[in-house]
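# A structural walkthrough
What follows is each chain in one-letter form.
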Amino acid sequence: MHTVLLLTISNIFMTFAWYGHLKFKGYPLFTVILASWGIAFVEYCFQVPANRIGHGQFSAAQLKTIQEVITLVVFSIFSVVYLKEALKWNYVVGFAFIVVAVFIIFKEW
């Protein structure tokens, strides 16, 4: 559970680092790049321990899969709440296919 919690916190920071600047288009690109780097540093402070703690309990492929699902959930909330963009039906269907991939990756065959 520590891994999932740390990855969730990590993804919140990374989503802001990657997409938060979209609301600040009036700022110079160099400024938002520096701000994004600062936010990304904090993200790494959660992501690296998450993968260290989780590796062994999960394979690297499973860790990446967990991270991608968390990223999609965090991004979906971020885009609706922060960017005020609609979550369209085709996005939801695409994300559902990724959930199927999660099942395939985590199922013991």
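Residues numbered from 1 in each chain as written. Predicted model: local features only at pLDDT ≥ 70, side-chain atom pairs only at ≥ 80, totals over all residues. Heavy atoms only, no water.

In terms of regular secondary structure, the protein is built from four helices and zero strands. Going from the N terminus to the C terminus, the protein shows its helices and strands as α-α-α-α. In terms of its C-alpha atoms, the protein occupies a principal-axis envelope of roughly 50 × 35 × 20 Å. Considering the protein as a whole, with its 109 residues, one finds that 28% of them fall into the buried category. At a minimum sequence separation of 6, the contacts of the protein that also span at least 24 residues come to 76%. Split by element, the accessible area of the protein, about 7,600 Å² in all, is 75% carbon and sulfur. (Helix = DSSP H or I, 4+ residues; strand = E, 2+ residues; numbered from the N terminus. Buried < 20%, exposed > 50% of the residue type's maximum accessible area, 1.4 Å probe, protein only. Contact = heavy atoms within 4.5 Å. Areas by Shrake-Rupley, 256 points an atom, 1.4 Å probe, with all protein chains shown as cover.)

Between its terminal C-alpha atoms helix α2 (residues 29-54) stretches 36 Å, which fits the 38 Å expected from 26 residues at 1.5 Å a residue. Maximal helix bending in α2 amounts to about 25°, located at E43. Turning to α2, its buried residues are V32, S36, A40, E43, Q47, A50 and G54. Tucked into the core, α2 has its buried residues touching α1 (2-19) and α3 (60-81). Within two residues after α2, G56 carries a phi angle of roughly 120°, on the positive side. (Expected span 1.5 Å × (residues − 1). Bend = angle between axes of the 7 residues up to and from the residue.)

On to unusual backbone geometry. A positive phi angle is found at K84, which is not glycine, with a value near 60°. Looking at the secondary structure, you find K84 in the loop between α3 and α4 (89-106).

As a further point, take the pattern of salt bridges. Taken as a whole and judged by the stated rule, the model has one salt bridge. In this structure, K64 engages E68 in a salt bridge whose closest nitrogen and oxygen atoms are separated by 2.8 Å. Residue K64 and its partner E68 are both found in helix α3; the two are separated by four residues, about one turn of the helix. Residue E68 is classed as partly exposed on the basis of its relative accessible area, which comes to 33%. (Salt bridge = Lys/Arg side-chain N within 4 Å of Asp/Glu carboxyl O.)

What follows deals with a nonpolar patch on the surface. On the surface, V73, I77, V80, V81, L87, Y91 and V92 cluster together into a nonpolar patch covering about 590 Å² of accessible area. Mapped by element, the contributors of at least two residues to the nonpolar patch are α3 and α4. Among the elements that take part in the nonpolar patch, α3 stands out by supplying four residues, more than any other. You can see V73 is positioned in helix α3. (Patch = residues over 30% accessible without salt bridge, like charges linked within 9 Å, V, L, I, M, F, W, Y side chains within 5 Å.)

A separate point is the side chain of S76. On the secondary structure map, S76 appears in helix α3. Leaving out residues up to four positions away in the same chain, S76 has contacts with L87 and F95.

None of this, on its own, says anything about what the molecule does.
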